[in-house]
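Letter by letter, the chains look like this.
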Amino acid sequence: MLSKKFELPSEAEALPGRREAVQPEHAHAVFGQSLLPPYPDDHDQLIVGMGSFWASEPLFWDLGGVHVTAVGYAGGFTPNPTHNEVQTGRTGHAECIKLVFDRKMVPLSSLLKIFFENHDPTQGMQQGHLQGTQYRSLLVVEPGDAEEAKDCLNAYSEALQSAGATKAITTQILTGMPFYFAEQRHQQFAAKASTPPARAKGLGIQMT
């Protein structure tokens, strides 16, 4: 399994994980809000996986209507995984960012546009030079948002085709999957590092 970077494990192959959940100890380094629920009742959630969560999380910090962001893991089998476990490829999870947002101020379509335009959703089990199932393109949406997410995927697929791209989008769209917080040292890493990672970049193709 350690060599299967491009193949998701089955539930039987996945690491067992643990009962104890990782709980971020500090407030958001940019927003000052707690990363933990409860969140405002009128807010919704979206989970996006678009490669390195260090590079992707800052894309959503400048948006009005985003209450808080947090990095962690979703889309796999292992409960409460550690970063080291996710990096083995044996949990099934992708590195993700959880967004808590007020759709009256920032519609879901705006967040999905940022998602698709700021990574390469056609690369399968990698993102740029980062290889492995943990870097795949992934969306975890609330059940009522699944159709809008699919429509957005199709719209970006059309934009890619119009621009001459030949590879198909490989983004997974899931519902009802849990999000597990990453360890404290990974939260808002770009805001705290002496040399912040470069922000995630896409293919330079805009949605219409």
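In what follows, the structure referred to is the one given above.
As the structure is a computational prediction, the values presented were derived from the model and not from experiment. Along each chain, residue indices are assigned from 1 in the same order as the chain's sequence is written. Where totals are concerned, whole chains, interfaces and linings use all residues; where local detail is concerned, this predicted model gives features only for residues with pLDDT of at least 70, and gives and counts side-chain atom pairs only at 80 or more. To get the side-chain values, take all heavy atoms of the structure and skip hydrogens and water.

A look at the overall build of the protein chain
Piece 1. Secondary structure counts use DSSP, requiring at least four H or I residues in a row for a helix and at least two E residues in a row for a strand, with both numbered from the N terminus. Helix and strand counts for the protein chain stand at five helices and eight strands.
Piece 2. Reading the protein chain from its N terminus to its C terminus gives the helix and strand order β-α-β-α-β-α-β-β-β-α-β-β-α.
Piece 3. With the radius of gyration taken over C-alpha atoms, the globule rule is written as 2.2 Å times the number of residues to the power 0.38. For 208 residues, the compact-globule formula gives about 17 Å, and the C-alpha radius of gyration of the protein chain, at 16 Å, lands near that figure.
Piece 4. When the backbone C-alpha atoms are referred to their principal axes, the protein chain occupies close to 45 × 40 × 40 Å.
Piece 5. Per-residue burial for the protein chain yields a buried fraction of 50% across its 208 residues.
Piece 6. Residue contacts are counted whenever heavy atoms from the two residues lie within 4.5 Å of one another. Within the protein chain, residue pairs in contact and separated by at least 24 positions form 80% of the contacts whose partners lie at least 6 positions apart.
Piece 7. Surface exposure here means Shrake-Rupley accessible area, sampled with a 1.4 Å probe, where a residue is shielded only by the protein chains that are shown. Counting only carbon and sulfur atoms, one obtains 51% of the accessible surface of the protein chain, whose full area is about 9800 Å².
Piece 8. If you average the places of the 16 positive and of the 22 negative side-chain charges in the protein chain, the two averages end up 7 Å apart. With a 1.4 Å probe rolled over the protein chains alone, any residue whose accessible area is under 20% of its type maximum counts as buried; one over 50% counts as exposed, and the rest are partly exposed. In this count, Lys and Arg are taken as positive residues and Asp and Glu as negative ones, while His and the chain termini are left out. A charge is said to be at NZ when it belongs to Lys, at CZ for Arg, at CG for Asp and at CD for Glu.

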